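# Commentary on secondary and tertiary structure
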Amino acid sequence: MTTVDEFHSNVADSARFLDAVRLTETGDAPDGHRVFTATTQYVPWPKAYGGDLVAQAVAAACATVEGKTVHSAHSYFLRPAEIGGDVRYEVEILRDGRGYATRHVRGLQNGKVIYTCYASFAAGAEGTEIPGAPLVGEVAATGLAGVPDPESLPSSAQALVGRDGADADYWSHGRSFEMRHVPDPIYLPGDRDRVPRQAVWIKAFSELPEEQTVHDIALAYCCDYTILEPSLRALGASWSDEGLRTASLDHAMWFHRPARLDDWVLYSQESLNVGSSRGLNTGRFHDRKGTHLATVCQEGLLAQ
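This text gives an overview of the structure that appears in the document. Being a predicted model, the structure only gives us computed values, none of them experimental.

## Points about the overall build of the chain
- Secondary structure summary: the chain contains seven helices and twelve strands in total.
- For the chain, with 304 residues in total, the buried portion stands at 48%.
- About 14100 Å² of surface is accessible on the chain, with carbon and sulfur atoms providing 49% of the total.

Encoded structure:
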């Protein structure tokens, strides 16, 4: 299997993502486990980005499975992660069946469990392709109706023209992926409709490795950046509001079909509930043809 490390030096614009999911396997794994370390990456806020943990855990679990691809990951965020700190990922090999495999991943930092994840993997299934139609036996939600093409929308950098500071620089250039919002982004305060939904076009700043596992991990990495925004949008809040505090609490993701994150994918999101200082949001990824790639559900802390 080709590793992320082998491609790293050739993908400078996506270096932060690839640095985040670069694993080092340790030699102190207990029976039935494999252990890896990975390093959280810079963000201009007090705690590390939650997508680092999701992607690192999925990468660690993927490294222990042969002949199957990840189809779901279910996570809890237990404690904040330090920026630039190593996280130890203990992967427990729960089951290796003919059709499915299951892994339990614990992320530890400074001797404390900060994150936990169960990941499930499935062997490929054969289908009969019908020209002009989906595979026999497949049903998928469609996307893209009424959503402008990404080329017609402003980039994050264009949306933040005139805004200086570490946060604007990070939103514009620091995430390894371009993000273009429908409607306009909520980086800054503004007079917006309080609607509990949005869509975000996402694409890596530069080409990613060919291996499908890298793109699955990239989906896991990107999914946490904007998933709380429909709840914030419904409340009339922005990321720049004084005293705003957010945190991912729990997270579920299902991988339906192969994706490529160095082409545009649409992340359609909706807030299902806001209350008790929490927001529950769902998201669906589609490619430019409208193919349903993945589904996300996450609840997060919203406080001020």
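Following the structure, the description resumes.
## Brief notes about the packing of helix H3 (residues 50-62) against helix H6 (residues 212-222)
- Look at H3 against H6: their axes get within 7 Å of each other, and the N-to-C directions meet at 155 degrees. With respect to H6, the axis of H3 lies roughly antiparallel. H3 and H6 meet at a crossing whose hand is right-handed. Between H3, through Gly51, Asp52, Val54, Ala55, Val58, Ala59 and Cys62, and H6, the contact on the second element is made entirely by Thr213, Ile217, Ala220 and Tyr221.
- Taken together, the residues of the contact of H3 with H6 break down into eight nonpolar, two polar and one charged.

## Things to note about the sheet that holds strand S10 (residues 265-275)
- With antiparallel pairing, the twelve strands of this open sheet are ordered in space as S1-S2-S4-S5-S6-S3-S9-S12-S11-S10-S8-S7. Single-partner strands in this sheet number two, and they are strand S1 (24-25) and strand S7 (177-182).
- Here seven bridges tie strand S2 (residues 33-39) to strand S4 (residues 86-96), and the two strands are oriented antiparallel to one another. By the bridge assignment, Ala38 is partnered in S4 with Val87.
- Each of S2, strand S3 (69-77), S4, strand S5 (100-109), strand S6 (112-122) and strand S9 (245-255) is contacted by H3, which is oriented at about 45 degrees to S4, the strand it contacts most.

## Quick word on the layout of surface pockets
- The volume enclosed by the largest pocket comes to roughly 860 Å³.
- Lining the largest pocket are 36 residues; nearest its centre among them are Trp45, Lys47, Trp239, Thr246 and Ala247.
- Of all the elements in the fold, those that place two or more residues in the lining of the largest pocket are H3, helix H5 (166-173), S9 and strand S12 (292-303).
- Looking at the lining of the largest pocket element by element, the count peaks at five residues for S9.
- Here the residues of the lining of the largest pocket sort into 21 nonpolar, seven polar and eight charged.

## Some words on the pattern of salt bridges
- A complete count under the given rule lists 13 salt bridges for this structure.
- The shortest N-O distance in the salt bridge between Arg192 and Asp184 comes to 3.0 Å.
- Among the residues examined, Asp184 registers a relative accessible area of 40% and is labelled partly exposed.
- By sharing partners, the salt bridges in this structure join Asp28, Arg88, Glu90 and Arg106 into a single network.

## Focus: H5
- Among the residues of H5, Asp167, Ala168, Tyr170, Trp171 and Ser172 are the ones counted as buried.
- Summarising the contacts, the buried residues of H5 are in contact with helix H2 (15-20) and helix H4 (156-159).

## Digging into the environment of Ala122
- Looking at the element boundaries, Ala122 is found in strand S6.
- A residue is classified by how much of its surface remains accessible, and Ala122, at 13% relative accessible area, is buried.
- On a C-alpha basis, the gap between Ala122 and Ser72 in space is 9.2 Å, while along the polypeptide they are 50 residues apart.
- The contacts of Ala122, once residues within four sequence positions are left out, are Lys68, Thr69, His71, Gly99 and Tyr100.

## Quick notes on the nonpolar core
- Phe17, Phe177, Ile202, Leu261 and Phe285 are the most contacted members of the largest nonpolar core, which totals 70 residues.
- No other element matches H3, which puts nine residues into this core.
- If near-sequence neighbours (up to four positions away) are discounted, Phe17 is found in contact with Ser176, Phe177, Leu208, Val214, Ile217, Ala218 and Tyr221.
- Counting residues in each nonpolar core, the second largest holds five residues, with Leu153, Ala199, Trp201 and Leu266 among its members.

## Observations concerning the environment of Val200
- Within the secondary structure layout, Val200 lies in strand S8 (residues 197-204).
- Classification of Val200 by relative accessible area gives buried; the value is 0%.
- Along the backbone, Val200 and Phe285 are 85 residues apart, and their C-alpha atoms lie at a distance of 9.4 Å.
- Excluding residues within four positions of it along the chain, Val200 makes contact with Met179, Arg180, His181, Thr226, Val265, Leu266, Tyr267 and Gln269.

About the thresholds
- Residues numbered from 1 in each chain as written.
- Predicted model: local features only at pLDDT ≥ 70, side-chain atom pairs only at ≥ 80, totals over all residues.
- Heavy atoms only, no water.
- Helix = DSSP H or I, 4+ residues; strand = E, 2+ residues; numbered from the N terminus.
- Buried < 20%, exposed > 50% of the residue type's maximum accessible area, 1.4 Å probe, protein only.
- Areas by Shrake-Rupley, 256 points an atom, 1.4 Å probe, with all protein chains shown as cover.
- Axes fitted to C-alpha atoms, helices over the stretch in contact; angles between N-to-C directions.
- Parallel < 35°, antiparallel > 145°, perpendicular 65-115°, else oblique.
- Left-handed = near helix turned anticlockwise from the far one by under 90°.
- Contact = heavy atoms within 4.5 Å.
- Nonpolar A, V, L, I, M, F, W, Y, C, P; charged D, E, K, R; others polar.
- Pairing = 2+ DSSP bridges.
- 1 Å grid on protein atoms, 1.4 Å probe; cavity = no way out; pocket = protein on both sides within 12 Å on 5 of 7 lines; lining within 4 Å.
- Points joined across faces, edges and corners; volume = space filled by probe spheres on them.
- Salt bridge = Lys/Arg side-chain N within 4 Å of Asp/Glu carboxyl O.
- Core = buried A, V, L, I, M, F, W, Y, C linked by side-chain atoms within 4.5 Å.

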